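Listed below, chain by chain, are the residues.
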Amino acid sequence: MASPVFSNTQQFKADPLLAQPSAADLEQQYQAPAGTPGYVSDERMSYSGVIGKSAGVGLVTIVMGAVGYVTAGQSAMAYMLAMGSGLVAFVIAMIATFQRKGANPALVLLYGVAQGFFLGAITVGIETSFDVPGAGLQALVATAITFLVCLALFRSGKVRYTSKLRKVFLIGAVSYLVFGLVNIGYLIFSDSAEGFGLYSNEITIGGFTFPLGILIGAVAILLACISLIGDFDFIENGVKSGAPKALEWTAAFGLIVTLVWLYIEFLRIIALLFSNR
């Protein structure tokens, strides 16, 4: 299990009979003209297709993030609209995640629009509240670098999504989810004025005092990196097993969800680091 987007789709799971041609595939290959790749089908999932769709959804998210950043920073009404956009993005994510035949392209793009607008709004809100100008750009660069490092490690074969790593991710992700729910309860029912709730509480380790959120955020980033490795692994399995081309949208959606998670964690850590100075 990495992104739940992939765990609900059988084609992204390892198959002992990877890319074994069916009788129809063999017939198509036999009937193909000389010099034509008979077994390669345009209807199969490909790395280039996943890259193109991921880049497209990512671009939509970034553009809408810029729109949210500008508008929410100038109008309280726009900021409230952005909060609603975040809720819409969450609902869309839940629907797209459990579509077993593959995420609907329109839903994936709509997720990029809603999530991007929401991220832009919370970015300008955090930058203003914590007086951290440029935090959004720093978080974006950190997310991009982390993505490239994880991809390089995966492609080199030095890091693989093993069963042990899968268990570590599952335990960590469930624990982090529980902490998040507890933090929401703390924000609702306590009289704390801290913007991040329990994340803002300070702890002392080895004589150094810092917000708990920095430690929790570091663990969350590590979990998100494991999720990225899992995403790459499931995509690789999908391509090798000849999954339907429509699942490229599912792959793109899963990657964007993980990258959004990474961005939020980096943004929070940057804000906490600045407020701790």
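Everything here concerns the structure above.
Structural notes, computed from the coordinates. (Residues numbered from 1 in each chain as written. Predicted model: local features only at pLDDT ≥ 70, side-chain atom pairs only at ≥ 80, totals over all residues. Heavy atoms only, no water.)

1. Brief notes about the pattern of salt bridges
For step 1, the next point in the chain: The final tally for this structure, using the stated rule, is four salt bridges.
For step 2, the next point in the chain: Between Glu248 and Lys53 there is a salt bridge, with the nearest N and O atoms lying 2.8 Å from each other. In this pair, Glu248 sits in helix α9 (residues 247–275) while Lys53 sits in helix α3 (residues 47–72), placing the two residues 195 residues apart along the sequence. Grouping residues by exposure puts Glu248 and Lys53 together as buried.
For step 3, the next point in the chain: A salt bridge links Arg268 to Glu265; the shortest N-O distance between them is 2.7 Å. Placement of the pair is Arg268 and Glu265 together in helix α9, with a separation of three residues, close to one helical turn.
For step 4, the next point in the chain: One network of salt bridges, with partners in common, ties together Lys53, Lys245 and Glu248. (Salt bridge = Lys/Arg side-chain N within 4 Å of Asp/Glu carboxyl O. Helix = DSSP H or I, 4+ residues; strand = E, 2+ residues; numbered from the N terminus. Buried < 20%, exposed > 50% of the residue type's maximum accessible area, 1.4 Å probe, protein only.)

2. A few points about the pairing of strand β2 (residues 208–211)
For step 1, the next point in the chain: In this structure, strand β1 (residues 202–205) lies alongside β2, joined through four bridges in antiparallel fashion. Bridge pairing in β2 places Thr204 opposite Thr209.
For step 2, the next point in the chain: Counting the residues that bridge the hairpin from β1 to β2 gives two residues, and of these Gly206 lies at a positive phi of roughly 60°. (Pairing = 2+ DSSP bridges.)

3. As for the packing of aromatic side chains
Each aromatic ring pair is characterised by the separation of its centres together with the angle its planes make.
For step 1, the next point in the chain: Summed over the entire model, instances satisfying the criterion amount to seven aromatic pairs.
For step 2, the next point in the chain: Judged by centre distance (5.9 Å) and plane angle (70°), the rings of Tyr161 and Phe234 are edge-to-face. In this pair, Tyr161 sits in the loop between α6 (135–156) and α7 (163–189) while Phe234 sits in helix α8 (residues 212–240), placing the two residues 73 residues apart along the sequence.
For step 3, the next point in the chain: Consider the rings of Phe179 and Tyr199, whose centres lie 5.2 Å apart with planes at 85°: the pair is edge-to-face. Pair noted here: Phe179 is in helix α7 and Tyr199 is in the loop between α7 and β1, with a separation of 20 residues, a long-range link. (Phe/Tyr/Trp six-rings, centres within 6.5 Å; stacked < 30°, edge-to-face > 60°.)

4. A short note on α8
For step 1, the next point in the chain: Taking 1.5 Å as the rise per residue, α8 with 29 residues should run 42 Å; its terminal C-alpha atoms sit 42 Å apart, in good agreement.
For step 2, the next point in the chain: With 23 of 29 residues buried, α8 is to be regarded as a mostly interior element. (Expected span 1.5 Å × (residues − 1).)

5. A closer look at a nonpolar patch on the surface
For step 1, the next point in the chain: Residues Ile62, Leu137, Leu140, Val141, Ile145, Val149 and Leu153 make up a contiguous nonpolar surface patch of about 600 Å² in total accessible area.
For step 2, the next point in the chain: Here the element with the most residues in the nonpolar patch is α6; it accounts for six residues.
For step 3, the next point in the chain: Along the chain, Leu137 turns up in helix α6.
For step 4, the next point in the chain: Among the residues examined, Leu137 registers a relative accessible area of 58% and is labelled exposed. (Patch = residues over 30% accessible without salt bridge, like charges linked within 9 Å, V, L, I, M, F, W, Y side chains within 5 Å. Areas by Shrake-Rupley, 256 points an atom, 1.4 Å probe, with all protein chains shown as cover.)

6. Let's talk about the environment of Leu110
For step 1, the next point in the chain: Relative to the helices and strands, Leu110 resides in helix α5 (residues 105–129).
For step 2, the next point in the chain: As a C-alpha pair, Leu110 and Ala89 span 21 residues in sequence and 7.9 Å in three-dimensional space.

7. Structural notes on the environment of Ile226
For step 1, the next point in the chain: Mapping Ile226 onto the fold places it in helix α8.
For step 2, the next point in the chain: The sequence separation of Ile226 and Leu165 amounts to 61 residues, and the corresponding C-alpha distance is 7.5 Å.
For step 3, the next point in the chain: Excluding residues within four positions of it along the chain, Ile226 makes contact with Tyr161, Leu165, Val168 and Phe169. (Contact = heavy atoms within 4.5 Å.)

8. Let's talk about the packing of α6 against α8
The geometry of a pair of packed helices is captured by two quantities: the angle between their axes and the separation between those axes.
For step 1, the next point in the chain: Viewed as axis vectors pointing N to C, α6 and α8 meet at an angle of 50°, and their least axial separation amounts to 10 Å. Of the possible angle classes, the one that applies to α6 and α8 is oblique. Relative to α8, the crossing made by α6 is right-handed. Residues Thr146, Phe147, Cys150, Leu151 and Phe154 of α6 pack against Cys225, Leu228, Ile229, Phe232, Asp233 and Glu236 of α8.
For step 2, the next point in the chain: By residue class, the composition of the contact of α6 with α8 is eight nonpolar, one polar and two charged. (Axes fitted to C-alpha atoms, helices over the stretch in contact; angles between N-to-C directions. Parallel < 35°, antiparallel > 145°, perpendicular 65-115°, else oblique. Left-handed = near helix turned anticlockwise from the far one by under 90°. Nonpolar A, V, L, I, M, F, W, Y, C, P; charged D, E, K, R; others polar.)

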